[in-house]
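As a plain string of letters, each chain reads:
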Amino acid sequence: MSELAEMIARTAQPGRVTWIGLRSERRAPLQAVEVARIETDGLSGDHGRAGKRAVTLVQNEHCAAIGAYLGRAPVAPEDLRRNLVIAGINLASLKGRAVRVGGAVLRITVVCAPCSRMEETFGPGGYAAVRGHGGWCAEVLEPGRVALGDPVFPAD
């Protein structure tokens, strides 16, 4: 492995799950939970679907950035409508890789782009504020349990 490939593969520390949210149907409010089961089609009890977008994740650190772009305090995780909020590890550096999240293994697949709901939620400029900070989608490689505080780290 080249020196660059080794640097790309390294992480400084594991991350951790800081928030878990479920929505029972499209456009339903997210319900924060402390523990969830990740199945092949996403989090049990969530309005998800199997495939490369089964689970959505966002950086905890991006909540503050989005808030700053809106001229306010950090945004609440439920307003971003993602399933998992992760702190302490750069999710973008894990694109295409297998990642252990609690007892499950996910593969980070594609950017989770903001939708027009961000304008509804945050007002004018909400879409632009979330752009580039909206998180990632993931497919489920191995189902398992996830809980607040669980570690997040490369599984490959």
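Residues numbered from 1 in each chain as written. Predicted model: local features only at pLDDT ≥ 70, side-chain atom pairs only at ≥ 80, totals over all residues. Heavy atoms only, no water.

What follows covers the pattern of salt bridges. Opposite charge on two side chains permits pairing when their charged atoms draw close. Considering all chains together, one arrives at seven salt bridges under this definition. The salt bridge involving Glu120 is made with Arg27; its shortest N-O contact spans 3.0 Å. With a gap of 93 residues between them, Glu120 in helix H4 (residues 117-122) and Arg27 in the loop between strand S1 (15-22) and strand S2 (31-33) connect regions that are remote in the sequence. Put simply, Arg37 and Glu39 hold a salt bridge, and the shortest N to O gap is 3.1 Å. Assessed through its relative accessible area of 39%, Arg37 is described here as partly exposed. (Salt bridge = Lys/Arg side-chain N within 4 Å of Asp/Glu carboxyl O. Helix = DSSP H or I, 4+ residues; strand = E, 2+ residues; numbered from the N terminus. Buried < 20%, exposed > 50% of the residue type's maximum accessible area, 1.4 Å probe, protein only.)

Right, let's get into the environment of Leu22. Mapping Leu22 onto the fold places it in strand S1. The sequence separation of Leu22 and Glu78 amounts to 56 residues, and the corresponding C-alpha distance is 9.2 Å.

Our next topic: the layout of surface pockets. Approximately 580 Å³ is the volume attributed to the largest pocket. Taken together, 22 residues make up the lining of the largest pocket; nearest its centre are Arg23, Arg49, Arg81, Arg82 and Cys112. (1 Å grid on protein atoms, 1.4 Å probe; cavity = no way out; pocket = protein on both sides within 12 Å on 5 of 7 lines; lining within 4 Å. Points joined across faces, edges and corners; volume = space filled by probe spheres on them.)

Core analysis: the largest hydrophobic core is formed by 24 residues, its most contacted members being Ile38, Val55, Leu57 and Leu84. Breaking this core down by element, the ones donating at least two residues are S1, strand S3 (35-39), strand S5 (55-59), strand S6 (84-87), strand S7 (98-101), strand S8 (104-111) and strand S9 (136-142). Ignoring anything within four residues of it in the chain, the contact list for Ile38 reads Leu43, Val55, Leu84, Ala104, Leu106, Val140, Pro143, Gly144 and Val146. Residues Leu80, Val85, Ala129 and Val130 belong to the second largest nonpolar core, which totals 12 residues. (Core = buried A, V, L, I, M, F, W, Y, C linked by side-chain atoms within 4.5 Å. Contact = heavy atoms within 4.5 Å.)

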